[in-house]
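Next come the chains, spelled out residue by residue.
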Amino acid sequence: MQEEHLLEKIIDIAKDCGGILLSASDIERKIHQKAGRGNFVTDYDSRVQAILKSRLLELVPGAAFLGEEDRMDCTDISKGYAFIVDPIDGTANFTRNYHASCISIALALDGCPILGVVHNPYLEETFYARKGKGAYLNGEQIHASDRTLAEGLILFGTAPYDEKLIRRSFEVAYRYVSRAEDLRRSGSAAIDLCMVASGRAEFFFELALSPWDYAAGALIVEEAGGFVSDLQGRPLTYDHRQTVTARAPGVELLDVSDLLESSMS
Ligand code: 2AM
Ligand code: CA
């Protein structure tokens, strides 16, 4: 199937799954605690992931499938096609009816995303990109902002699931926010990445994210003219948990190595 057509089909699937989030009821009774603090899964995460797995693998038979509710060490995404999928990014928001969650789907080829879709059903916003073909929101091309850090909005994830990273997250955030205009916190890394891609915010970071949290959003940022990397400026990979940043082209990474030394060891 041609990539353009494939992208349309993936968007349809993401929107169908968005409908499941919108019509969810009785969520409180379907929450289960996962390892770590503030880390939840609901019956809806598992249900949406099962639907994504069966429908996406129908589109690209034989592709590998890496989803948040699967074990990462069992899936090799380094060769051929692989879907990297978060059935609900912003699960804690979902359990509270906070209405800031999305479905995130990337298709990677030989380890690098070539298609990305992030669908936020609450705002009916679908962000998507094809490698080399630009990034779009509901059919309109989007671009990262041309603001500098001094004019910028900073987004960050607090890594709430990892106690030793929380303090460091706020220290890194302070270094950026004290040089910028202000701060926002959504609770969904995929949505935050799309905020940078669409020029609504200038910088995002989180000290530990998994590939399903950022694979689609990272491609959308790059195709919108922004940059993604780890906190030290190294290219992202899509095979293990790592720090993630996204920035508008006019925003430089700050040196935060002194803040990371004790936390990342
Ligand atoms: P989730 O909502 O799918 O769980 C919040 O700070 C961001 O971190 C969300 O995108 C959230 O995704 C993600 N997140 C939650 N638990 C995580 C974990 N244990 N490892 C990495 N990322 C996680
Ligand atoms: Ca996630």
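Residues numbered from 1 in each chain as written. Chains lettered and ligands numbered in written order. Predicted model: local features only at pLDDT ≥ 70, side-chain atom pairs only at ≥ 80, totals over all residues. Heavy atoms only, no water.

Visitor: Looking at this structure, I do not really get the domain arrangement of the protein chain. What am I missing?
Guide: Much of the literature gives interface size as the accessible area that the parts lose upon coming together. Splitting the protein chain by domain gives domain 1 (3-142) and domain 2 (149-264). A C-alpha centroid distance of 20 Å is found between domain 1 and domain 2. The interface of domain 1 with domain 2 comprises 41 residues on the first partner and 29 residues on the second. Interface area for domain 1 against domain 2, summed over the two sides, is near 2,600 Å², with a carbon-plus-sulfur share of 66%. Counting the contacts that link domain 1 with domain 2 gives one salt bridge. Across the pair R200 and E125 runs a salt bridge, and its minimum N-O distance is 2.8 Å. At the junction of domain 1 with domain 2, the criterion picks out eight residue pairs in polar contact (both at pLDDT 80 or more). Of all the secondary structure elements, the ones that give two or more residues to the side of domain 1 that touches domain 2 are β3 (64-67), β4 (81-89), β5 (102-109), β6 (112-120), β7 (125-130) and β8 (135-137). (Domains from an automatic or database assignment. Contact = heavy atoms within 4.5 Å. Buried area = accessible area lost by both parts, 1.4 Å probe. Salt bridge = Lys/Arg side-chain N within 4 Å of Asp/Glu carboxyl O. Polar contact = N/O pair within 3.5 Å; in protein donor to acceptor, adjacent residues only side chain to side chain. Helix = DSSP H or I, 4+ residues; strand = E, 2+ residues; numbered from the N terminus.)

Visitor: What is the right way to read the site of ligand 1 from this model?
Guide: Close to ligand 1 lie 19 residues; E68, D89, G90, T91 and E206 are nearest. In this structure, an oxygen atom belonging to ligand 1 sits 2.7 Å away from a side-chain N or O atom of E206. In isolation ligand 1 offers 480 Å² of accessible surface; the protein chains occlude 91% of this area. Listing elements by their share of the shell around ligand 1, those giving two or more residues are β4 and β12 (203-209). (Near = heavy atom within 4 Å. Areas by Shrake-Rupley, 256 points an atom, 1.4 Å probe, with all protein chains shown as cover.)

Visitor: Would you mind going over the packing of aromatic side chains with me for this structure?
Guide: To describe a pair of aromatic rings, one takes the distance between the centres and the angle between the planes. Scanning the model with the defined rule gives eight aromatic pairs in all. Ring centres 5.5 Å apart and planes at 80° place the aromatic pair Y44 and F94 in the edge-to-face group. Placement of the pair is Y44 in helix α2 (residues 43-59) and F94 in helix α3 (residues 91-95), with a sequence separation of 50 residues. Across the pair, exposure class does not vary: Y44 and F94 are buried alike. With 6.2 Å between their ring centres and 35° between their planes, F203 and F205 make a pair best called tilted. Residue classification places F203 among the buried residues on the basis of a relative accessible area of 0%. Of the residues examined, F205 reaches a relative accessible area of 0% and is grouped as buried. Pairwise contacts between aromatic rings join F156, F170, Y176, F203 and F205 into one cluster. (Phe/Tyr/Trp six-rings, centres within 6.5 Å; stacked < 30°, edge-to-face > 60°. Buried < 20%, exposed > 50% of the residue type's maximum accessible area, 1.4 Å probe, protein only.)

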